[in-house]
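# Geometric and topological summary
Residue-level listing of the chains:
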Amino acid sequence: MAEVLQLPKSMKFDSLDEERLYRKQRLAAGFRLFSKFGFDEGIAGHITARDPERLDHFWVNPFGTHFGHIRVSDLLLVNDKGDVVVGDKPVNTAAFAIHSQVHAARPDVIAAGHAHSIYGKSWSALGRLLDPITQDACAFYQDHGLFDDYTGVVIDVEEGKRIAHALGEYKAVILRNHGLLTVGHSVDEAVWWFITMERSCQAQILASSVATPVNIDPEMAKLTAGQVGSNLAGYFSFQPLFDRIVREQPDLLD
Ligand SMILES: [Zn+2]
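This section reports on the structure supplied with the text. (Residues numbered from 1 in each chain as written. Predicted model: local features only at pLDDT ≥ 70, side-chain atom pairs only at ≥ 80, totals over all residues. Heavy atoms only, no water.)

## Side note on the environment of Ile216
Note that Ile216 resides in the loop between helix H5 (187–210) and helix H6 (218–228). Accessibility expressed as a relative area gives 25% for Ile216, which makes it partly exposed. With residues up to four places along the chain from it excluded, the contact list for Ile216 reads Pro132, Ile133, Thr134, Gln135, Cys138 and Ala221. (Helix = DSSP H or I, 4+ residues; strand = E, 2+ residues; numbered from the N terminus. Buried < 20%, exposed > 50% of the residue type's maximum accessible area, 1.4 Å probe, protein only. Contact = heavy atoms within 4.5 Å.)

## Let's talk about a nonpolar patch on the surface
On the surface, a nonpolar cluster with roughly 340 Å² of combined accessible area is contributed by Tyr150, Val153 and Ile155. Following the sequence through the fold, Tyr150 ends up in the loop between strand S6 (144–147) and helix H4 (157–167). Among the residues examined, Tyr150 registers a relative accessible area of 40% and is labelled partly exposed. (Patch = residues over 30% accessible without salt bridge, like charges linked within 9 Å, V, L, I, M, F, W, Y side chains within 5 Å. Areas by Shrake-Rupley, 256 points an atom, 1.4 Å probe, with all protein chains shown as cover. Salt bridge = Lys/Arg side-chain N within 4 Å of Asp/Glu carboxyl O.)

## So, the coordination of the zinc ion
For a metal with four tetrahedral donors the ideal donor-metal-donor angle is 109.5 degrees, whereas six octahedral donors ideally subtend 90 or 180 degrees. Taken together, His114 (NE2), His116 (NE2) and His178 (NE2) make up the full set of protein donors to the zinc ion, lying 2.0 to 2.1 Å away. Along the chain, the residues donating to the zinc ion fall in the pattern H-x1-H-x61-H. A residue is classified by how much of its surface remains accessible, and His116, at 21% relative accessible area, is partly exposed. (Donors = N, O, S within 2.8 Å, 3.2 Å for Na, K, Ca; no water.)

## With respect to the sheet that holds strand S8 (residues 179–184)
Strand order in the open sheet made by the 8 strands is S4-S3-S2-S1-S5-S8-S7-S6, with mixed pairing throughout. Across the chains shown, the open sheet's two edge strands, defined by having one partner strand only, are strand S4 (84–86) and S6. Taken over all neighbouring pairs, the strand axes of this sheet differ in orientation by 25 degrees on average, direction set aside. Relative to strand S7 (residues 172–175), S6 runs parallel, the two being bridged by 4 bridges. Considered in S7, the bridge of Phe147 is made with Leu175. Contacting strand S1 (46–50), strand S2 (58–60), strand S3 (76–78), strand S5 (111–115) and S8, helix H2 (residues 93–105) runs over the sheet at an angle of about 40 degrees to S1. (Pairing = 2+ DSSP bridges. Axes fitted to C-alpha atoms, helices over the stretch in contact; angles between N-to-C directions.)

## Notes on the nonpolar core
For soluble globular proteins, the rule of thumb is that nonpolar side chains tend to be buried together. The biggest cluster of nonpolar side chains holds 44 residues, and the ones touching the most others in it are Leu27, Phe31, Phe34, Val191, Ile195 and Met197. When contributions to this core are tallied by element, the ones reaching two or more residues are helix H1 (16–36), S1, S5, S7, H5, H6 and helix H7 (231–248). Per element, the largest residue contribution to this core is 9 residues, and it comes from H5. Apart from residues lying up to four places away in sequence, Leu27 is in contact with Ile47, Thr48, Ala49, Trp59, Val60, Leu75 and Val187. Counting 15 residues, the second largest nonpolar core, distinct from the first, contains Ile98, Val109, Ala164 and Leu181. (Core = buried A, V, L, I, M, F, W, Y, C linked by side-chain atoms within 4.5 Å.)

## Quick word on unusual backbone geometry
Phi is positive for Gln142, which is not a glycine, with a value near 55 degrees. Among the secondary structure elements, Gln142 is positioned in the loop between helix H3 (118–124) and S6. Taking relative accessible area as the criterion, Gln142 reaches 52% and is therefore assigned exposed. Residue Asn177 is not a glycine yet carries a positive backbone phi of 60 degrees. Summarising the element assignment, Asn177 is placed in the loop between S7 and S8. Here Asn177 falls in the partly exposed class, since its relative accessible area comes to 40%.

## A short note on the packing of aromatic side chains
One pass over the structure, following the stated rule, counts 10 aromatic pairs. Relative to Phe67, the ring of Phe31 has its centre 5.6 Å away and its plane inclined at 35 degrees; by these criteria the two rings are tilted. With Phe31 in helix H1 and Phe67 in the loop between S2 and S3, this pair connects stretches of sequence that are 36 residues apart. Residues Phe31 and Phe67 agree in their burial class; the two are buried. Each ring, one from Phe34 and one from Phe67, has its centre 6.0 Å from the other, and the planes form 75 degrees; the classification is edge-to-face. Residue Phe34 is located in helix H1, and its partner Phe67 is located in the loop between S2 and S3; the two are separated by 33 residues in the primary sequence. Among the residues examined, Phe67 registers a relative accessible area of 4% and is labelled buried. Of note, Arg26 hangs over the ring of Phe242, and the distance from its end group to the ring centre comes to 3.6 Å. (Phe/Tyr/Trp six-rings, centres within 6.5 Å; stacked < 30°, edge-to-face > 60°. Lys NZ or Arg CZ within 6 Å of the ring centre and 35° of its normal.)

Pasting the structure below:
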């Protein structure tokens, strides 16, 4: 699949304003999709998008607003100190503590997503990595880490640094007893990796509940990871979901 894909025209921008708006629209759509897939758990969860101009600032959801209600105009811009510089709502302390450190540690990352989704947090309680038991799960083969610790709600940037360290150069990290965190080179990618990782957790839980799943052998898992786990494959997989959610909920673009 990957070799026939090319970077779409919509990812090339004439101005920073245009690129910023693009990221914010994808981000608002990402929240609506998190809601649609049932990833909300009260006030938990955040997706961030790096600002294309102020590279140490990121756009994020306002604390306490339901994912399913977020519009482009609701998004907050937060600086590297945790101050809200655009928007009049507060930012979740955990969102700043985790995402500021992930964005700082990974200059290649445009976006990061985290939520307390049911299969992700169930799997996280096992304190182990996902196995390559399906084609889709191979997107994470040798490409996710485990934060093998739990010390309460993340309110300290030092804890965010440790999470960023566990993420390393991967596209995702399992936070033990907590949930999943994914990153991407576009908002599209980060949101898609979260959705498909949650479903890979679900698939492994379902398969394991019947019998011991058969792993795809390492050579094939590596080959498949290159096919379904590339940056472009992640971006491309998100596009039909974006089109669907904009058609269903066009107010997200307001
Ligand atoms: Zn959390």
